[in-house]
Amino acid sequence: MNIHTYAAIDIGSNAIRLLINTIYENPQSVTFNKTSLVRVPIRLGQDVFTVGKISKKTINRLADAMTAYKLLMKIYNVDRYRAFATSAMREAENSSEVIKKVKEKSGVKIEIISGKEEAKVIFSSELRNYLESDNYYLYVDVGGGSTEISLLNKGSVLYSQSFPIGTVRLLDGKVEESYIPKVIKPWVEKITQNKHIELIGSGGNINYIFKESGKKEGKFLSYHYIHQQYELLKNLTYEERIEKFNMKPDRADVVVPALLIYNSIMRYAHATRIHIPKIGVADGMINLMFKRNRK
């Protein structure tokens, strides 16, 4: 058996995650084991969506986080890693400067990937294990700055689109809620017409909702449950969400706009179920790295 240790650093608009996987490879199978997952709430999107660039203070926090991640990867004897940035860094006027400063301070090289690349990376994960051959699934990944939606069938991507709306962008008033019915609704209705649709949800907020539901891994949540949670949480203040549900401060504000997006898309697609496998862009990046290295 060959044992490898790979890592992926996902630099999103809301949070930055380090995922470390131990990969067990033998002639019959390959197993990916999540060894460590560390998340820090450095909101790049709050700077970018407000003033168009990342502030010096945030650059320093990002560099500190990358330095810590580099040390963690050293401790875990990581063989290979990739650090990649999405929506906020794509739009930042000073992204080149940020990447240069982070590299100088931490030694971590950041690459910026497009929305289409982000979708491809996610589909490099074990997502296909969750797809039944004849069903239509709408894959929805809600991030801080963008929402990726893809229609899947028989393991293939039929349609895919990245929309510039996310939790941080909504919170900061950089996109109106009306964008959802005006832009997302007609697109979703068109691609899902006359199809029985189930959703696959990805992102920190929907994973939080699933965890708090008490459902076992592999089970689904109903549209009714998602709608109920949205109505419950949106009618509470930020402080009440923290107090009543013991939410982290950086979760208590973004969870409501996230649920608004999921709830709306489920309604437009007439979907009654949403599956929440523990799969994200970091998982896909590690899978893609491993496949490319084998070749």
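Please read all numbers here as calculations on a predicted model, not as lab measurements.

### Brief notes about the environment of F49
Link 1 in the chain: Along the polypeptide, F49 turns up in helix 1 (residues 44-51).
Link 2 in the chain: Taking C-alpha positions, F49 is 38 Å from H4, a pair spaced 45 residues apart along the chain.
Link 3 in the chain: Apart from residues no more than four positions distant in its own chain, F49 is found in contact with S13, S87, A88, E91, G144, G145, V168, R169 and K174.

### Quick look at the sheet that holds strand 8 (residues 156-163)
Link 1 in the chain: Read from one edge of the open sheet, six strands run 8-7-6-9-11-10, paired in mixed fashion. Lying at the two open borders of the sheet, with one neighbouring strand each, are strand 8 and strand 10 (220-222). Direction aside, neighbouring strands of the sheet carry axes that sit 25° apart on average.
Link 2 in the chain: Note that strand 9 (residues 197-202) and strand 11 (residues 273-275) share two bridges and pair parallel.

### Focus: the pairing of strand 9
Link 1 in the chain: With six of six residues buried, strand 9 is to be regarded as a mostly interior element.
Link 2 in the chain: Burial along strand 9 is two-sided: I197, L199 and G201 and E198, I200 and S202, pointing in opposite directions, are all buried.
Link 3 in the chain: Pairing analysis gives six bridges linking strand 6 (residues 136-142) to strand 9, with the strands arranged parallel. When the sheet's bridge partners are listed, L138 is paired in strand 9 with L199.

### Focus: the packing of aromatic side chains
Link 1 in the chain: One pass over the structure, following the stated rule, counts three aromatic pairs.
Link 2 in the chain: Ring geometry for F32 against F290: centres 5.6 Å apart, planes inclined by 85°, an arrangement best described as edge-to-face. Placement of the pair is F32 in strand 3 (residues 30-40) and F290 in helix 13 (residues 281-294), with a sequence separation of 258 residues.
Link 3 in the chain: Overall, F32 belongs to the partly exposed group, its relative accessible area being 25%.
Link 4 in the chain: Ring centres of F163 and W187 lie 5.4 Å apart, and the angle between their planes is 75°; on these two criteria the pair is classed as edge-to-face. Here F163, found in strand 8, pairs with W187, found in helix 7 (residues 179-192); they are 24 residues apart in sequence, far enough to count as distant. Like W187, F163 is buried.
Link 5 in the chain: Across the ring face of Y136, the terminal group of K195 is positioned such that the distance to the ring centre comes to 5.6 Å.

### What about the packing of helix 8 (residues 204-213) against helix 12 (residues 255-269)?
Link 1 in the chain: Here helix 8 crosses helix 12 at 90°, and the two axes come no closer than 9 Å. The angle between helix 8 and helix 12 places the two elements in the roughly perpendicular class. Every residue of helix 12 that contacts helix 8 at N205, I206, Y208 and I209 is listed here: V255, A258, L259 and Y262.
Link 2 in the chain: Partitioned by chemical class, the residues of the contact of helix 8 with helix 12 number seven nonpolar, one polar and no charged.

### Side note on the sheet that holds strand 5 (residues 110-112)
Strand pairing in a sheet takes place through backbone hydrogen bonds and is either antiparallel or parallel in direction.
Link 1 in the chain: The strand order across the open sheet built from five strands is 3-2-1-4-5, with neighbouring strands paired in mixed fashion. Of all strands in the sheet, those bounded by a partner on one side alone are strand 3 and strand 5. The mean inter-strand angle of the sheet, taken between neighbouring strand axes irrespective of direction, is 25°.

### As for the environment of I16
Link 1 in the chain: Residue placement: I16 occurs in strand 2 (residues 16-25).
Link 2 in the chain: Apart from the residues within four sequence positions on either side, I16 is in contact with I9, D10, I11, V38, R39, V40, I42, L62, M66 and Y69.

### Digging into the environment of L37
Link 1 in the chain: Its location among the elements puts L37 in strand 3.
Link 2 in the chain: Sequence separation of L37 and L18 is 19 residues, and the distance between their C-alpha atoms is 5.6 Å.
Link 3 in the chain: Excluding residues within four positions of it along the chain, L37 makes contact with R17, L18 and L19.

### Brief notes about helix 1
Along an α-helix, a turn takes 3.6 residues, which lines up residues three or four apart on a common side.
Link 1 in the chain: Within the span of helix 1, buried status applies to L44, G45, D47, V48 and F49.
Link 2 in the chain: Those residues of helix 1 hidden inside the fold are in contact with strand 1 (2-11), helix 2 (56-75), helix 3 (87-91) and helix 6 (167-171).
Link 3 in the chain: Just downstream of helix 1 lies G52, where phi reads positive at about 90°.

Conventions adopted
Throughout this document, residue positions are counted from 1 along each chain, in the order its sequence is written. Per-residue local features of the predicted model are confined to residues with pLDDT of at least 70, and side-chain atom pairs are confined, for both listing and counting, to 80 or more; whole-chain, interface and lining totals are unaffected and use all residues. As a rule here, side-chain values cover all heavy atoms of the structure and leave hydrogens and water aside. Secondary structure elements follow DSSP: runs of H or I no shorter than four residues count as helices, runs of E no shorter than two count as strands, and numbering proceeds from the N terminus. Here, residues are in contact when the closest pair of their heavy atoms is within 4.5 Å. A pair of strands is treated as paired once DSSP finds two or more bridges between them. Geometry is summarised by axes, namely lines fitted to C-alpha atoms with helices restricted to the contacting stretch, and by angles between N-to-C directions that run from 0 to 180 degrees. Each residue is assigned to one of three classes by its accessible area relative to the maximum for its type, calculated with a 1.4 Å probe on protein chains only: buried under 20%, partly exposed between the two thresholds, exposed over 50%. Aromatic contacts are taken between Phe, Tyr and Trp rings whose centres are within 6.5 Å, Trp giving its six-membered ring; a plane angle under 30 degrees counts as stacked, one over 60 as edge-to-face, and the others as tilted. Only when the NZ of Lys or the CZ of Arg is both within 6 Å of the ring centre and within 35 degrees of the ring normal is a charge said to sit over the ring. Any angle from 65 to 115 degrees is called roughly perpendicular, while one under 35 is roughly parallel, one over 145 is roughly antiparallel, and all others are oblique. When residue character is reported, Ala, Val, Leu, Ile, Met, Phe, Trp, Tyr, Cys and Pro are called nonpolar, Asp, Glu, Lys and Arg charged, and the others, Gly included, polar.

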